[in-house]
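Chains, contacts and geometry: an overview
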Amino acid sequence: MIFEDDFLYDYTITTLGIFSSATNGGGGASHATVPSLAGHPGIYELGTGTTTTGQANLFAGHDGSSGNGVILGGGYHELYFVCNINTLATVGDDYSLYFGLGDALNAFATNPGSNFVGFQYLRSSSTNWAGLTKNGGSSTTASGGSNVAVATGFVLFKITINAAASSVSFYVGGTLIGTSTTNIPTTTALGLGFAITKSAGTNARTFDIDYVRWYNKLTTSRFQYMSQSGSVSTSS
């Protein structure tokens, strides 16, 4: 499975390709495409609005209300994200940010939900990026890598998940920030998503998503079923 999105379209509705988006908390919380920049064609922006509880998200697959999505453990996964934080969180204007694979990355959930594999920016815990795995509500912060401070500007993020879903590694700007081997969800359907949630202050904060790529090499190729019907012969 290969999925890529550059967000090269005009956004006017709540369904964007395979993605859906929503807001919560009022105060002008927003989700929309914004003008492209040189080197960053197609940008989708999530905004908290001006309330202390503003929330916006973008998700595909399992959104916390259905079982549709991907269950880890059936093959190798590799995910890439090019994203930009426009303004860092502060005590006066605080917010949390989660993106990756989860079961509740929608704007009506307590992010990141009970099951999650992805990146966390939670200023009250750390000013560095964290890789997080969460299974049934129990979480593990990835360790064994180098600290990378959260900063403004576009950055490439990467997640690798081995075929057995027993190890997840997280990279920021090419630097390994940690690996997790515990609390990796393998029985719950996960979807791809991004969520920003305000917790203090009334100044709007935004998060830009420029590019997403999700590659999944299945342990057992689905071509086997075509081969059984005589349509395709393959050893993959």
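Keep in mind it's a predicted model, so treat the numbers as computed, not measured.

In total, this model carries four salt bridges according to the counting rule given. Residue R213 is joined to E4 by a salt bridge in which the shortest nitrogen-to-oxygen separation is 3.6 Å. Of this pair, R213 sits in strand 17 (residues 206-218) while E4 sits in strand 1 (residues 2-5), placing them 209 residues apart in sequence. The partly exposed category is assigned to R213, whose relative accessible area is 22%. Here D93 ties to K198 by a salt bridge, and the two come within 3.0 Å at their closest N and O atoms.

Before going further, it helps to examine the packing of aromatic side chains. In the structure shown here, the tally under the stated rule is 14 aromatic pairs. Between Y95 and Y121 the ring centres are 5.7 Å apart and the planes differ by 85°, which places this aromatic pair in the edge-to-face class. Separated by 26 residues along the polypeptide, Y95 in strand 8 (residues 95-102) and Y121 in strand 9 (residues 116-122) bring together distant segments of the chain. Seen from their ring centres, F99 and F157 are 5.0 Å apart, and the 85° between their planes marks the pair as edge-to-face. Taken as a pair, F99 in strand 8 and F157 in strand 13 (residues 153-161) lie far apart in primary sequence, 58 residues in all. Residue class for F99 comes out buried when judged on its relative accessible area of 0%.

Most of strand 7 (residues 75-85) is tucked away: 10 of the 11 residues are buried. Where strand 7 and strand 17 come together, 11 bridges link them in antiparallel fashion. The residue bridging Y76 from the neighbouring strand is K217, located in strand 17. Here strand 7 runs beside strand 13; their pairing, made up of nine bridges, is antiparallel. Counterpart to C83 in the pairing with strand 13 is V155.

Reading guide: rules and limits
Residues numbered from 1 in each chain as written. Predicted model: local features only at pLDDT ≥ 70, side-chain atom pairs only at ≥ 80, totals over all residues. Heavy atoms only, no water. Salt bridge = Lys/Arg side-chain N within 4 Å of Asp/Glu carboxyl O. Helix = DSSP H or I, 4+ residues; strand = E, 2+ residues; numbered from the N terminus. Buried < 20%, exposed > 50% of the residue type's maximum accessible area, 1.4 Å probe, protein only. Phe/Tyr/Trp six-rings, centres within 6.5 Å; stacked < 30°, edge-to-face > 60°. Pairing = 2+ DSSP bridges.

Interpretation in functional terms is not warranted from these geometric data alone.
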